[in-house]
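Chain and residue survey
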Amino acid sequence: MEIMVFGAGYVGLVTGAGLASTGNHVILADTLKERIQLLREGGVPFYEPQLPDLLEKARRTKNIQFVHTESQEFKDTLASAEIYFIGVGTPELPDGRANMDYVFSAVDMIASQEGDLSNKIVIMKSTVPVGTGDVIEKKFKAAKKSPTVVSNPEFLKQGNAVQDFLKPERVIIGTDNEKAREAISFLYRAFMLKRDRIVCMSRRSAELVKYACNAFLATKISFINEMAQLSEIVGADIREVRDGMITDSRIGDQFLFPGLGFGGSCFPKDTHSLIAQGQAAGIELQLPTAVAAVNKKQQLWPVQKLQKVFGKSLSGKTIALWGLAFKPNTDDLREAPSIKIIPELLKLGAKIKAYDPVAAHRVAELFPDAIKTKNLVVCEDAYETATTSDALLIVTEWQEFRTPNFKKLKSSMSRPLIIDGRNIYDSKIAKQYGFEYFGVGVS
Ligand SMILES: NC(=O)c1ccc[n+]([C@@H]2O[C@H](COP(=O)([O-])OP(=O)(O)OC[C@H]3O[C@@H](n4cnc5c(N)ncnc54)[C@H](O)[C@@H]3O)[C@@H](O)[C@H]2O)c1
């Protein structure tokens, strides 16, 4: 099939490269000129395991083409597509609603071509508020166009995005149009050889499924974190509580890790958008509201612990951060606990040394003033970060932090204090090596 994908971000690039790998011809369009240039030269704009190989394969077979949305090439190829995927960002507005400008600008571009488009399909992969498909249909109608508008939310996880796309747990197709269902099912069947995992439903239901899934997973995270807060106060150990909980198969063991809460480009903004959608519909969604509040508090848990040890001010203290990305295997810092913790520590007068295997350069871009004054130093090596530090905060649970050389670590630190925001260490072992140790929910 001839496919155009709007947005060369995590969702768009993975979708485009994935569809190209099954023999479709994909035109990937983005508004960022430098991003398109980089992709044309063989680069990948962010760290995502396996994506470089998948893109390379698509480039080799000439099944993928990268175009800037303002180029003549874009105008020339726009009408050639039978299917348009929209995978552009829907970031959070200050009031919590999703910013739909990027989505609507992609819609306007599709509508700008000649003809009525009645044989074409527009597929919404971006996470959009319920009813967006109807709004888009109206926009097309106003331009005298009538493509079929379908909701097909994306469930990939950064860090495992390629595998998630190539072997999806399920594909949700939201449309009442039988022909469109068939065409989209045909596209996805290439990825489900063992078992059909396509679930068809109305467009509005499909739009809500995505928010319901993310809000539910976020709820699990905030739930275990709230139990962790209680554990610390009442003298329980959340790790034991978790072990006891997860043996119940109705509860399961996923997304029940006490830690620094959820971050990233999806859970926080989607929870807030869901709350705003509830408000617009005249219903207060109490669970997502509580989930967001618990999360906000949890992200700053290490700062509270530091103040418990050092007092209100952290002036004169050097704090080492291991991990900056919102989770391992990505360099994405959007809504990461690290970017909430860093300004708090700076405000309290601390100096920060920070390390992340892939996201370090991004943090430097976010805090240029602190870098200039050397109140924030980005290190190339984990042990260098800890050297002469008064405390080590574990912020992201990268594999390389799990089994450190505790002896080397202890001898290099000014004060052997570990504040383990991801509970990756056994407190007994850390204490045996002579560390003061705080874990989340560990009293
Ligand atoms: N990142 C994830 O893990 C994930 C998973 C599932 C769903 N989603 C959803 O998918 C959507 C995209 O997320 P993402 O993380 O890929 O975003 P992203 O920020 O990584 O990428 C978005 C891309 O869209 C481009 N863009 C903006 N307007 C455009 C336009 N009019 N035409 C062409 N390109 C345009 C931007 O330049 C950018 O390259 C969001 O709604 C998000 O909530 C994301």
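Residues numbered from 1 in each chain as written. Predicted model: local features only at pLDDT ≥ 70, side-chain atom pairs only at ≥ 80, totals over all residues.

Counting secondary structure elements, the chain contains 19 helices and 14 strands. For the chain, the C-alpha radius of gyration of 24 Å lies close to 22 Å, the compact-globule estimate for 443 residues. Projecting the C-alpha coordinates of the chain onto the three principal axes gives extents of approximately 70 × 45 × 40 Å. Of all 443 residues assigned to the chain, the portion counted as buried reaches 45%. (Helix = DSSP H or I, 4+ residues; strand = E, 2+ residues; numbered from the N terminus. Rg over C-alpha atoms; globule rule 2.2 N^0.38 Å. Buried ≥ 20, exposed ≤ 12 C-beta atoms within 10 Å, placed from the backbone.)

Domain annotation for the chain reports domain 1 (2–201), domain 2 (210–296) and domain 3 (300–439). Grouping the amino acids of the side of domain 1 that touches domain 3 by side-chain chemistry returns three nonpolar, two polar and one charged. (Domains from an automatic or database assignment. Nonpolar A, V, L, I, M, F, W, Y, C, P; charged D, E, K, R; others polar.)

Our focus in this paragraph is the site of the ligand. If you check the shell around the ligand, you find 27 residues, and the closest are Gly7, Gly9, Val11, Tyr102 and Ser126. Elements that contribute at least two residues to the shell around the ligand include exactly helix H1 (10–20), strand E2 (25–30) and helix H5 (101–111). Within the shell around the ligand, the residues separate by chemical class into eleven nonpolar, 13 polar and three charged. (Near = placed C-beta within 6 Å.)

This next bit is on helix H3 (residues 51–60). Looking only at H3, the buried set comprises Leu51, Leu54, Leu55 and Ala58. End-on view of H3: buried residues confined to an arc of 95°, all on one side of the axis. For H3, the exposed residues lying more than 90 degrees away from the buried face are Asp53 and Arg60. The inward-facing, buried residues of H3 contact H1, strand E3 (64–68) and helix H7 (161–166). Lys62 occupies a position one or two residues after H3 and carries a positive phi of about 60°. (Arc of directions from axis to C-beta. Contact = placed C-beta atoms within 7 Å.)

Packing of helix H9 (residues 203–234) against helix H12 (residues 286–299) leaves a shortest axis separation of 9 Å and a crossing angle of 50°. It follows that H9 is oblique to H12 by the angle criterion. Between H9 and H12 the crossing geometry is left-handed. Residue-level contacts link Ala215, Ala218, Thr219, Ser222, Asn225 and Glu226 of H9 to Leu287, Pro288, Val291, Val294, Asn295 and Gln298 of H12. Grouping the constituent residues of the contact of H9 with H12 by class yields six nonpolar, five polar and one charged. (Axes fitted to C-alpha atoms, helices over the stretch in contact; angles between N-to-C directions. Parallel < 35°, antiparallel > 145°, perpendicular 65-115°, else oblique. Left-handed = near helix turned anticlockwise from the far one by under 90°.)

Phi is positive for Gln50, close to 70°, though the residue is something other than glycine. Note on placement: Gln50 falls in the loop between helix H2 (33–40) and H3. The backbone of Phe255 sits at a positive phi, close to 60°, despite the residue not being glycine. Along the chain, Phe255 turns up in the loop between helix H10 (238–246) and helix H11 (267–280). The partly exposed category is assigned to Phe255, around which 14 C-beta atoms lie within 10 Å.

Where H9 contacts H11, the two axes come as close as 9 Å, and the packing angle between them is 115°. Classified by the angle their axes make, H9 and H11 are roughly perpendicular. The hand of the H9/H11 crossing is left-handed. Counting all contacts with H9, which are made through Tyr211, Asn214, Ala215 and Ala218, the residues of H11 involved are Phe267, Asp270, Thr271, Ser273 and Leu274. Split by residue class, the contact of H9 with H11 holds five nonpolar, three polar and one charged.

Before going further, it helps to spend a moment on the nonpolar core. Counting residues in hydrophobic clusters, the biggest one holds 61 residues, and the most contacted among them are Ile319, Leu321, Trp322, Leu324, Leu392 and Leu393. The element best represented in this core is H9, accounting for seven residues. Inspection of this core shows a minimum of three residues originating in each of domain 2 (210–296) and domain 3 (300–439). Apart from the residues within four sequence positions on either side, Ile319 is in contact with Leu306, Leu345, Ala350, Ile352, Ser389, Asp390, Ala391 and Leu393. Residues Ala8, Phe66, Val149 and Val162 belong to the second largest nonpolar core, which totals 57 residues. (Core = buried A, V, L, I, M, F, W, Y, C linked by C-beta atoms within 7 Å.)

Our next topic: the pairing of strand E8 (residues 198–201). When strand E7 (residues 171–174) meets E8, the two strands line up parallel, connected through four bridges. Following the sheet pairing, Val171 is matched in E8 by Ile198. In this fold, E7 hands off to helix H8 (residues 178–189), which returns the chain to E8; that crossover is right-handed. (Pairing = 2+ DSSP bridges. Right-handed = clockwise from strand over helix to strand, strands pointing away.)

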